[in-house]
Amino acid sequence: MRPAFDYMAIPTVRLRQLGITLPDLPEPAGNYVHAVRCGSLLFLAGKGVGPYQGKVGRDVTIDQAYEYARSTCIMLLSVIAKELGSIDCVKRVIKVSGFVNAVTGFSDHPRVIDGCSDLLIDVFGAPGRHARTAIGIGSTPSQIPLEIEMIVEFADSGLSK
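In what follows, the accompanying structure is described. (Residues numbered from 1 in each chain as written. Predicted model: local features only at pLDDT ≥ 70, side-chain atom pairs only at ≥ 80, totals over all residues. Heavy atoms only, no water.)

### Concerning the overall build of the protein
Move 1: A tally of regular secondary structure across the protein gives 3 helices and 5 strands.
Move 2: Relative to the 2.2 N^0.38 estimate, which gives 15 Å for 161 residues, the radius of gyration of the protein is 15 Å and therefore close to what a compact globule would have.
Move 3: Viewed in the frame of its principal axes, the protein has a C-alpha envelope of about 45 × 40 × 25 Å.
Move 4: Here the protein holds 161 residues, and the buried ones make up 43% of them.
Move 5: For the protein, long-range pairs separated by at least 24 residues make up 79% of all intrachain contacts whose partners lie at least 6 apart in sequence.
Move 6: About 8,100 Å² of surface is accessible on the protein, with carbon and sulfur atoms providing 53% of the total.
Move 7: Across the protein, 16 positive and 16 negative side-chain charges occur, with their mean positions spaced 3 Å apart. (Helix = DSSP H or I, 4+ residues; strand = E, 2+ residues; numbered from the N terminus. Rg over C-alpha atoms; globule rule 2.2 N^0.38 Å. Buried < 20%, exposed > 50% of the residue type's maximum accessible area, 1.4 Å probe, protein only. Contact = heavy atoms within 4.5 Å. Areas by Shrake-Rupley, 256 points an atom, 1.4 Å probe, with all protein chains shown as cover. Lys, Arg positive; Asp, Glu negative; His and termini not counted. Charge placed at Lys NZ, Arg CZ, Asp CG, Glu CD.)

Here you go:
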C-alpha cells in the first residue's frame, strides 16, 4: 500500500515528507547538457543512477529495477531544481520515457518505470500524472538497467536562465 501524503503541500514539502534530499548533479557523461528550455517546457536528458548494472530479468530483479527507476527520478528532480531554482516551479509533468535494458522476452517494463511514475505522483500530486513510454532495449551505457528522460512544464516566475 502506498503512503498517504498531503497533496496540497508544495513539492519541496512532499520531498521532506518522503525523506528525500536531492543529490548534487554529476557532470554530463558526454557532449550534452542536463536540460534544455523551450518556452515553458523543460526537456531533461536521459539519466540512470543507482547501484545496479546488468539486464533486468537476469542480473537485476523487477523490484531492484523499480527502485533504480525511483533513484533515477530523484536525479531528474535534481536537474529540475538546478535548472529552475526549485521543483516548486513545475506546473505539470508532461512525458516520461523509460528505456529498460531487459532480457529478450521481458514484459514488465511498465512495472519497472512505475518506480519513477509513482514518485512523480507522490511529489507533485495530480500534476505529476503524465504520458509515458516504457520499452525494452538491447543495451545501455555502462550496462545500467534503465535510462529515463522527462519533459515538464514550468511556471515562469521571473526565472533568468
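### Thoughts on the layout of surface pockets
Move 1: When its volume is computed, the largest pocket comes out at roughly 260 Å³.
Move 2: Around the largest pocket, the lining is made up of 15 residues, and of these Ala29, Tyr32, Gly46, Lys47 and Gly48 lie nearest the centre.
Move 3: Of the residues belonging to the lining of the largest pocket, the class tally is 8 nonpolar, 4 polar and 3 charged. (1 Å grid on protein atoms, 1.4 Å probe; cavity = no way out; pocket = protein on both sides within 12 Å on 5 of 7 lines; lining within 4 Å. Points joined across faces, edges and corners; volume = space filled by probe spheres on them. Nonpolar A, V, L, I, M, F, W, Y, C, P; charged D, E, K, R; others polar.)

### Re the packing of aromatic side chains
Move 1: All chains considered together, the criterion is met by 1 aromatic pair.
Move 2: Look at Tyr52 and Tyr68: their rings are 6.5 Å apart centre to centre, the planes differ by 45°, and that puts the pair in the tilted class. Taken as a pair, Tyr52 in the loop between β2 (41–47) and α2 (62–84) and Tyr68 in helix α2 lie far apart in primary sequence, 16 residues in all. (Phe/Tyr/Trp six-rings, centres within 6.5 Å; stacked < 30°, edge-to-face > 60°.)

### What about the nonpolar core?
Move 1: Ranked by size, the top nonpolar core spans 39 residues in total, and within it Ile80, Leu120 and Met150 carry the most contacts.
Move 2: Elements with a minimum of two residues in this core: α1 (11–18), β2, α2, β3 (90–101), α3 (109–124) and β5 (146–154).
Move 3: Examining the composition of this core, we find that 10 residues originate from one element, α2, more than from any other.
Move 4: Beyond its immediate stretch of four places on either side in the chain, Met150 contacts Leu42, Phe43, Leu44, Leu76, Ile80, Val93, Lys95, Val96 and Leu120. (Core = buried A, V, L, I, M, F, W, Y, C linked by side-chain atoms within 4.5 Å.)

### Some points on a nonpolar patch on the surface
Move 1: Residues Val33, Val36 and Phe43 make up a contiguous nonpolar surface patch of about 250 Å² in total accessible area.
Move 2: Along the chain, Val33 turns up in the loop between α1 and β1 (35–38). (Patch = residues over 30% accessible without salt bridge, like charges linked within 9 Å, V, L, I, M, F, W, Y side chains within 5 Å. Salt bridge = Lys/Arg side-chain N within 4 Å of Asp/Glu carboxyl O.)

### With respect to the pairing of β5
Move 1: Going residue by residue along β5, you find Leu146, Ile148, Met150, Val152 and Phe154 tucked away on one face and Glu147, Glu149, Ile151 and Glu153 left uncovered on the opposite face.
Move 2: Across 5 bridges, the pairing between β2 and β5 is antiparallel. Looking across to β5, one finds that Leu42 is bridged to Val152.
Move 3: Sheet analysis places β3 next to β5, joined by 9 bridges and oriented antiparallel. Counted as the bridge partner of Lys95 is Ile151 from β5. (Pairing = 2+ DSSP bridges.)

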